[in-house]
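Report on the structure
So the chains spell out like this:
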Amino acid sequence: MEDKKIILSGIQPTGTFTLGNYIGAVRNWTKMQEDYNCIYMIANMHAITVRQGPAALRNHTVEAYALLLACGIDPEKSVAFIQSHNPAHAEANWVLACSTQFGELSRMTQFKAKSEKHPDDINAGLFTYPVLMAGDILLYQSDLVPVGIDQKQHLELARDVAQRFNQKYGDTFKLPEAYITEVGAKIMSLQDPTSKMSKSDDNPNACIFILEDKDTIIRKFKRAVTDSETCVRFAEGKDGINNLMSIYSVVTGKSYDDIEREFEGRGYGDFKIAVGEAVADHLAPVRESFARLMANKDYLKECYTKGAETATRIAYKTLSKMYKKVGFVPSR
Ligand code: TRP
């Protein structure tokens with residue numbers, strides 16, 4: 001690879017991506033391909049910390065991979081692979097677990113939240129998941145890790161573990177930095193604009209899925225919760241309108257000033273329809289490309305096989321260093 005900084009990120013294959021995943025994450029990933037060496041992973045090993053049907057996980061994994069490509073990840077430019085195809089992740093996980101403290105894992109807020117949500121399945125994997133994630137990052141000597149704010153604590157843990165390992169055994173890992181994206185970083189629920197848009201929301205109108213058809217998308221935007229004013233402007237306390245403006249701004253490239261001018265003297269109804277149409281038009285090529293890719297499974301397989309080979313080659317350089325440093329005897 002050329003001498004550019006290394007970016008690594010992952011996304012879990014739990015159902016189709018939302019507009020929030022797309023705007024907050026994957027769309028930025030595609031842009032970074034020009035300036036960095038990018039490695040993108042479908043985190044299917046992370047996904048089983050929460051109970052998944054095997055058939056659903058299998059389908060979602062391939063769909064998520066196809067979606068990455070449909071959104072513009074170029075498998076010739078970036079390494080795009082499926083986590084379980086590279087055994088180094090599971091192997092690094094064990095060694096790093098032995099440099100991670102029970103106490104620090106106990107402080108992870110996502111673990112607390114997820115155990116409350118699934119009280120009947122607080123499995124050990126859910127608890128040690130940040131160690132697996134640290135391995136994902138450290139194996140590739142990543143410089144930057146684009147993540148949402150909800151993953152920031154896990155990233156800090158990865159840094160702490162890397163630092164501790166480096167101190168104990170000598171320099172092994174580069175210390176990664178979080179790359180928190182600003183504009184459109186957080187797309188909020190259309191029904192409760194004070195909480196994040198989530199695919200697991202009980203209200204189907206709260207969340208836009210990027211493969212939904214135009215009519216559905218427009219209908220959901222028409223029902224979006226706003227406020228009792230009638231003026232389209234970005235302001236404190238106008239969470240619903242702010243969210244719609246930020247979505248509209250991302251998909252059209254218009255500034256907030258442009259948008260306020262465009263909708264001056266027009267009601268929220270017009271604005272919501274305009275946002276819905278702009279989003280649907282923006283996503284149409286992704287939807288078409290996804291359908292083409294899903295109709296060509298051989299091509300997809302070729303891509304993820306090649307991605308896994310490259311990822312494995314890179315990761316094993318670090319893994320063999322780790323094994324040597326901790327004192328594991330080489331087999332030959
Ligand atoms: N844990 C991340 C999430 O749930 C996904 C993920 C797995 C990840 N491994 C990663 C993100 C490594 C960044 C780097 O969103």
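Residues numbered from 1 in each chain as written. Predicted model: local features only at pLDDT ≥ 70, side-chain atom pairs only at ≥ 80, totals over all residues. Heavy atoms only, no water.

1. Digging into the overall build of the chain
Tallying secondary structure elements over the chain gives 13 helices and five strands in all. Here the C-alpha coordinates of the chain stretch approximately 75 × 45 × 40 Å along the principal axes. Burial status across the chain gives 49% buried among its 332 residues. Accessible surface, the chain as shown: approximately 15900 Å² in total, 51% of it carbon and sulfur. Charged side chains of the chain number 41 positive and 42 negative; the gap between the two group centres comes to 5 Å. (Helix = DSSP H or I, 4+ residues; strand = E, 2+ residues; numbered from the N terminus. Buried < 20%, exposed > 50% of the residue type's maximum accessible area, 1.4 Å probe, protein only. Areas by Shrake-Rupley, 256 points an atom, 1.4 Å probe, with all protein chains shown as cover. Lys, Arg positive; Asp, Glu negative; His and termini not counted. Charge placed at Lys NZ, Arg CZ, Asp CG, Glu CD.)

2. Looking at the pattern of salt bridges
Where charged atoms of side chains with opposite charge meet at close range, the side chains can pair. According to the stated counting rule, one finds 16 salt bridges in the structure shown. Lys77 is the partner of Glu34 in a salt bridge, and the nearest nitrogen-oxygen pair spans 3.0 Å. Placement of the pair is Glu34 in the loop between helix H1 (19–32) and strand S2 (37–42) and Lys77 in the loop between helix H3 (54–70) and strand S3 (79–82), with a sequence separation of 43 residues. Note that Lys306 and Glu76 form a salt bridge whose closest N and O atoms lie 3.9 Å from each other. Of this pair, Lys306 sits in helix H13 (residues 297–326) while Glu76 sits in the loop between H3 and S3, and the two are 230 residues apart along the sequence. With a relative accessible area of 40%, Lys306 lands in the partly exposed category. For Glu76, a relative accessible area of 66% puts it in the exposed group. Because the salt bridges share partners, they merge into one network encompassing Asp227, Glu229, Arg233 and Lys238. (Salt bridge = Lys/Arg side-chain N within 4 Å of Asp/Glu carboxyl O.)

3. As for the site of the ligand
Taken together, 14 residues form the shell around the ligand, and within it Gln12, Tyr129, Met133, Asp136 and Gln151 come nearest. Here Gln12 contributes a side-chain N or O atom positioned 3.0 Å from an oxygen atom of the ligand. Contacts to the ligand include Gln151, whose side-chain N or O atom sits 3.3 Å from a nitrogen atom. For the shell around the ligand, the secondary-structure elements that each account for two or more residues are strand S1 (6–11) and helix H7 (124–138). Here the shell around the ligand gets four residues from one element, more than from any other, and that element is H7. Taken together, the residues that form the shell around the ligand break down as eight nonpolar, five polar and one charged. (Near = heavy atom within 4 Å. Polar contact = N/O pair within 3.5 Å; in protein donor to acceptor, adjacent residues only side chain to side chain. Nonpolar A, V, L, I, M, F, W, Y, C, P; charged D, E, K, R; others polar.)

4. Focus: the domain arrangement of the chain
Partitioning the chain into domains gives domain 1 (6–184 + 297–326) and domain 2 (214–291). The gap between the C-alpha centroids of domain 1 and domain 2 is 32 Å. Contacts between the two partners involve eleven residues from domain 1 and, on the opposite side, ten residues from domain 2. Interface of domain 1 and domain 2: buried area, both sides summed, is about 870 Å²; carbon and sulfur atoms make up 81% of it. Considering only the side of domain 1, the residues that lose the most area to domain 2 are Leu19, Tyr22 and Ala70, jointly responsible for 48% of the buried surface there. Summed over the shared surface of domain 1 and domain 2, the number is zero salt bridges. Here domain 1 is connected to domain 2 by one residue pair in polar contact (both at pLDDT 80 or more). (Domains from an automatic or database assignment. Contact = heavy atoms within 4.5 Å. Buried area = accessible area lost by both parts, 1.4 Å probe.)

5. Some remarks on the packing of aromatic side chains
Applying the stated criterion to the full structure yields 13 aromatic pairs. On the numbers, 5.9 Å between centres and 80 degrees between planes, the contact of Tyr248 with Phe271 is edge-to-face. On the criterion of sequence distance, the pair formed by Tyr248 in helix H10 (residues 239–252) and Phe271 in helix H12 (residues 268–294) is long-range, its members being 23 residues apart. For Tyr248, a relative accessible area of 4% puts it in the buried group. By relative accessible area, which is 0% here, Phe271 ends up buried. Ring pairs connect the aromatic residues Phe102, Phe111 and Phe127, which therefore count as one cluster. (Phe/Tyr/Trp six-rings, centres within 6.5 Å; stacked < 30°, edge-to-face > 60°.)

6. Focus: a negative patch on the surface
The grouping of Asp192, Asp201, Asp202, Glu236 and Asp239 at the surface amounts to a negative patch. Residue position: Glu236 is located in the loop between helix H9 (214–222) and H10. (Patch = residues over 30% accessible without salt bridge, like charges linked within 9 Å, V, L, I, M, F, W, Y side chains within 5 Å.)

7. Let's talk about the nonpolar core
Leu19, Tyr65, Phe221, Ile247, Phe271 and Val279 are the most contacted members of the largest nonpolar core, which totals 59 residues. Top contributing element to this core by residue count: H12, with eleven residues. Taken together, domain 1 (6–184 + 297–326) and domain 2 (214–291) each give at least three residues to this core, which thus spans both. Among all residues touching Val279, those that are not within four sequence positions of it are Leu19, Ile217, Phe221, Ile247 and Val251. Counting residues in hydrophobic clusters, the runner-up holds 38 residues, among them Val95, Leu105, Val147 and Leu157. (Core = buried A, V, L, I, M, F, W, Y, C linked by side-chain atoms within 4.5 Å.)

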